[in-house]
Amino acid sequence: MTVHPTTSPFLAELFGLEGKVAVVTGAGSGIGHGIARFFAEAGASVAIADRNPSAAERVADELNAHADRATWIETDVSAEPDVTRMLRHTLERFGRVDILVNDAGIFPAKLIAHMSLADWERVQDVNLRGAFLCLREAALQMRGQGTGGRIINISSVDSLHPSMPGLAHYDASKGGMNMLTRSAALEFGPDKITVNAVLPGLIATEGVAAMNRGAGPPPTEEFNKRIVLGRIGTPEDIAACVLYLASNAANWVTGQTFVVDGGYLIG
Ligand SMILES: NC(=O)c1ccc[n+]([C@@H]2O[C@H](COP(=O)([O-])OP(=O)(O)OC[C@H]3O[C@@H](n4cnc5c(N)ncnc54)[C@H](O)[C@@H]3O)[C@@H](O)[C@H]2O)c1
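Predicted, not measured: the structure shown is a model, and the values here were computed from it.

Student: When you look at the pairing of strand S1 (residues 21-25) in this model, what are you seeing that I'm missing?
Tutor: Regular strands show a simple pattern: their side chains alternate between the two faces of the sheet. Across the five residues of S1, five count as buried, placing the element largely inside the fold. Side chains Val21, Val23 and Thr25 of S1 all project onto a buried face; the interleaved residues Ala22 and Val24 project onto the opposite face, where all are buried too. Bridge count between S1 and strand S2 (residues 45-50): five bridges; the pairing is parallel. Along S2, the bridge assignment pairs Val21 with Ser45. Each parallel crossover has a hand, and for S1 linked through helix H2 (residues 30-41) to S2 it is right-handed.

Below, the structure written as structure tokens:
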């Protein structure tokens with residue numbers, strides 16, 4: 001990563017994150033990694049929270065190679081003590097929290113007919129309970145700081161329309177995340193804390209590659225043909241929308257769900 005500070009004061013004020021502190025869960029890989037890179041480029045200090053410590057450390061090292069702005073912490077977002085530790089670590093390192101991105105998520109494909117209760121619950125625990133725990137912890141910290149804040153939940157187009165069989169648990173968790181977004185926006189609006197969700201379409205990530213190697217049905221040619229802009233997305237396509245929502249440009253935007261899918265849902 002190369003850091004390119006903008007020379008335009010107007011753009012720096014509108015889209016820059018200089019002096020801000022962000023926590024990005026699931027930032028050891030894929031979309032979260034892309035978001036952490038964009039935040040560091042925009043001038044933020046970034047805490048990389050991931051269940052996989054070596055991946056988190058690798059991303060923090062990558063960001064720190066150009067500016068000493070990153071820290072990492074092993075975190076399972078579904079475990080309340082881990083989430084408390086994640087916030088405490090960020091505060092010890094950077095002194096405040098201005099932005100939270102709930103990106104950590106899992107999507108192990110399994111048809112309902114073969115789905116155990118444990119399969120169902122693990123997906124809810126990581127995707128929905130994890131987002132709730134991190135959101136509550138971060139929002140209360142932001143409320144205490146008294147200077148507002150930004151929370152961005154990484155949901156999915158699957159929260160609006162199931163893309164394939166085998167993701168009922170996942171689709172339900174992301175639908176829940178959309179309503180968590182709206183409800184939290186209502187409750188924390190008076191604190192000037194905005195809460196929004198980004199709904200990615202199919203993005204080329206390590207997680208999707210692993211799913212395609214696994215037991216679940218891979219996205220078919222037919223599925224890919226529905227992407228009207230003609231290509232699968234990249235983590236950067238999502239990070240650009242997340243950066244907007246974290247920036248001053250989105251000061252008056254809350255409780256919204258932003259589809260970023262190359263036109264998949266209209267295809
Ligand atoms: N890739 C896509 O096509 C796509 C589409 C829509 C939504 N999403 C969402 O984007 C997010 C990121 O997906 P991705 O494709 O980058 O996945 P990925 O598997 O490449 O990365 C996810 C990261 O989250 C971490 N993680 C998993 N469980 C965790 C936990 N309990 N606590 C902390 N960290 C945990 C993993 O270690 C990994 O580093 C997920 O919430 C996913 O549902 C992805």
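Right, picking up where we left off after that structure.
Student: Looking at this structure, I do not really get the sheet that holds S2. What am I missing?
Tutor: As a general point, the strands of a sheet are linked pairwise by backbone hydrogen bonds and lie either parallel or antiparallel. One open sheet holds the seven strands; their spatial order is S3-S2-S1-S4-S5-S6-S7, and the pairing between them is parallel. For this open sheet the edge positions go to strand S3 (70-74) and strand S7 (257-260), each flanked by a neighbour on one side alone. For this sheet, the mean angle separating the axes of adjacent strands, direction not counted, is 20°. Contacting S2 and S3, helix H3 (residues 53-64) runs over the sheet at an angle of about 175° to S3. Taken strand by strand, helix H5 (residues 117-145) contacts S1, strand S4 (99-102), strand S5 (149-154) and strand S6 (193-200), and its axis lies near 175° from that of S4.

Student: Could you clarify how one ought to interpret the site of the ligand in this entry?
Tutor: The full set close to the ligand counts 31 residues, and Ser29, Asp50, Asp103, Tyr170 and Thr205 are the nearest of them. The side chain of Asp76 places a nitrogen or oxygen atom 2.9 Å from a nitrogen atom of the ligand. Within the complex, 94% of the 830 Å² of free accessible area of the ligand lies under protein. Among the elements of the structure, H2, H5, helix H6 (168-188) and helix H7 (206-213) are those that each provide at least two residues to the shell around the ligand. A total of three residues in the shell around the ligand trace back to one element, the largest contributor, which is H7. Here the shell around the ligand is built from residues that sort into 12 nonpolar, 12 polar and seven charged.

Parameters and conventions
- Residues numbered from 1 in each chain as written.
- Predicted model: local features only at pLDDT ≥ 70, side-chain atom pairs only at ≥ 80, totals over all residues.
- Heavy atoms only, no water.
- Buried < 20%, exposed > 50% of the residue type's maximum accessible area, 1.4 Å probe, protein only.
- Helix = DSSP H or I, 4+ residues; strand = E, 2+ residues; numbered from the N terminus.
- Pairing = 2+ DSSP bridges.
- Right-handed = clockwise from strand over helix to strand, strands pointing away.
- Axes fitted to C-alpha atoms, helices over the stretch in contact; angles between N-to-C directions.
- Contact = heavy atoms within 4.5 Å.
- Near = heavy atom within 4 Å.
- Polar contact = N/O pair within 3.5 Å; in protein donor to acceptor, adjacent residues only side chain to side chain.
- Areas by Shrake-Rupley, 256 points an atom, 1.4 Å probe, with all protein chains shown as cover.
- Nonpolar A, V, L, I, M, F, W, Y, C, P; charged D, E, K, R; others polar.

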